[in-house]
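Residues per chain, in single letters:
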Amino acid sequence: MIISLQKNLSAGNRRDLEAALSRLLPGCVLRRKAAGLAAVLAEPAADAVPLIENLPGVAGVFLTEAEHCPLACSGKHASFSAPLNFGRGPVFIAGPCAVEDEGSYLAAAAALKAAGAHALRAAIFKPRSSPYAFQGIGWAGLKIIAKAKKSTGLPLVTEATDTRQVERLSSVCDVLQIGARNMRNYELLKEAGRSGRAVLLKRAMRATLREWLLSAEYLLRHGAKKLILCERGDSVFSPGCPALDFKLMREAKKLTRLPVLADPSHASRDREVAKALALRALRSGADGLLVEASLSPETALVDGRQTMTVDSFRALTGK
Ligand code: PEP
Ligand code: MN
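Quantities reported herein were computed from a predicted structural model and do not represent experimental measurements.

Participant: Explain the nonpolar core residue by residue, including any values.
Facilitator: Counting 68 residues, the largest nonpolar core has Ile145, Leu201, Trp212, Leu229 and Phe313 as its most contacted members. With six residues, the single largest contributor to this core is helix H8 (residues 209-221). Setting aside chain neighbours within four positions, we find Phe313 in contact with Phe92, Ala94, Leu112, Ala115, Gly116, Ala117, Val291, Ala293 and Met308. In terms of nonpolar packing, the next biggest core, distinct from the first, is built from 18 residues, Met1, Leu5, Leu25 and Cys28 among them.

Participant: Could you give me a rundown of the site of ligand 1, with the residues and numbers involved?
Facilitator: All residues in the neighbourhood of ligand 1 are listed as Arg121, Lys126, Glu159, Gln177, Gly179, Ala180, Arg181, Lys202, Arg232 and His266. At 2.8 Å, a backbone N or O of Ala180 approaches an oxygen atom of ligand 1. A distance of 2.6 Å separates an oxygen atom of ligand 1 from a polar side-chain atom of Arg232. Coverage of ligand 1 by the protein chains reaches 97% of its 300 Å² of free accessible surface. Of all the cavities here, the one that holds ligand 1 is the largest pocket. A per-class count over the shell around ligand 1 returns one nonpolar, three polar and six charged.

What counts, and at which threshold
Residues numbered from 1 in each chain as written. Chains lettered and ligands numbered in written order. Predicted model: local features only at pLDDT ≥ 70, side-chain atom pairs only at ≥ 80, totals over all residues. Heavy atoms only, no water. Core = buried A, V, L, I, M, F, W, Y, C linked by side-chain atoms within 4.5 Å. Buried < 20%, exposed > 50% of the residue type's maximum accessible area, 1.4 Å probe, protein only. Helix = DSSP H or I, 4+ residues; strand = E, 2+ residues; numbered from the N terminus. Contact = heavy atoms within 4.5 Å. Near = heavy atom within 4 Å. Polar contact = N/O pair within 3.5 Å; in protein donor to acceptor, adjacent residues only side chain to side chain. Areas by Shrake-Rupley, 256 points an atom, 1.4 Å probe, with all protein chains shown as cover. 1 Å grid on protein atoms, 1.4 Å probe; cavity = no way out; pocket = protein on both sides within 12 Å on 5 of 7 lines; lining within 4 Å. Sits in = over half its atoms within 2 Å of the grid points. Nonpolar A, V, L, I, M, F, W, Y, C, P; charged D, E, K, R; others polar.

Structure below.
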């Protein structure tokens, strides 16, 4: 932690400040620097920042990502092999944007497995940009995704949009997805962390690296043992700017060593753009993809325009 000081502090004020800091940061070692103080922390101290900022003589307080998010940056939660195996090349999670009906979902699941999917997108609750848009088929879909899991043997990745869904979804699904709109839904993060299931955390639109990692930290602090990050871009759709932030994706990976996926679909609004983004994401070091793909994108109720065909998906996996 670096604490920058106001100019022209008297020696007495400085001594008072150092005494106050030692009380707020038990066990820390303070070192004097040209612009202020460096505090080598004995324990996590992010909670003390508002108190330190408020001390007379303090101009600013700066923590590294590892000081903000000690669990997420500890490296202890790095790669794992089940329910997704991050040890052997890119992991492909594929499926339609939303489960619509049993026949089309089971057929897509079988085709995607044959085309190289390692897990299924199995969304029955959909957060949308407009509350009037299709929000998924809800609990009626649970039986359908359970059947798909049984028939394909593939793990299910499903989004929880509300704390009340977590327990029931966890009884069937293998990975709980926290969508971009819910990255800051702390009650949902707590419930998902406690569920015992692996959690896939998307970066919220326009969230900073630190904000994303803070939510990851919160999941770990509430019990998540297996955590996957997923970069999905900053916009629902900005004309001419469908980019994912690959630099931020790589920084997240370097700092946390957690598996980091990319979702090339949601910022693209177009299946050809999604295909190109998917390839760039893999070249940029993504550990895999969460991608919208189905047998009949042209008739999908939602996000069909950006949904890949199974053939395009197969070209990505190389199967
Ligand atoms: C999704 O993956 O189904 C989804 C809604 O994505 P996002 O939360 O990134 O918008
Ligand atoms: Mn979608």
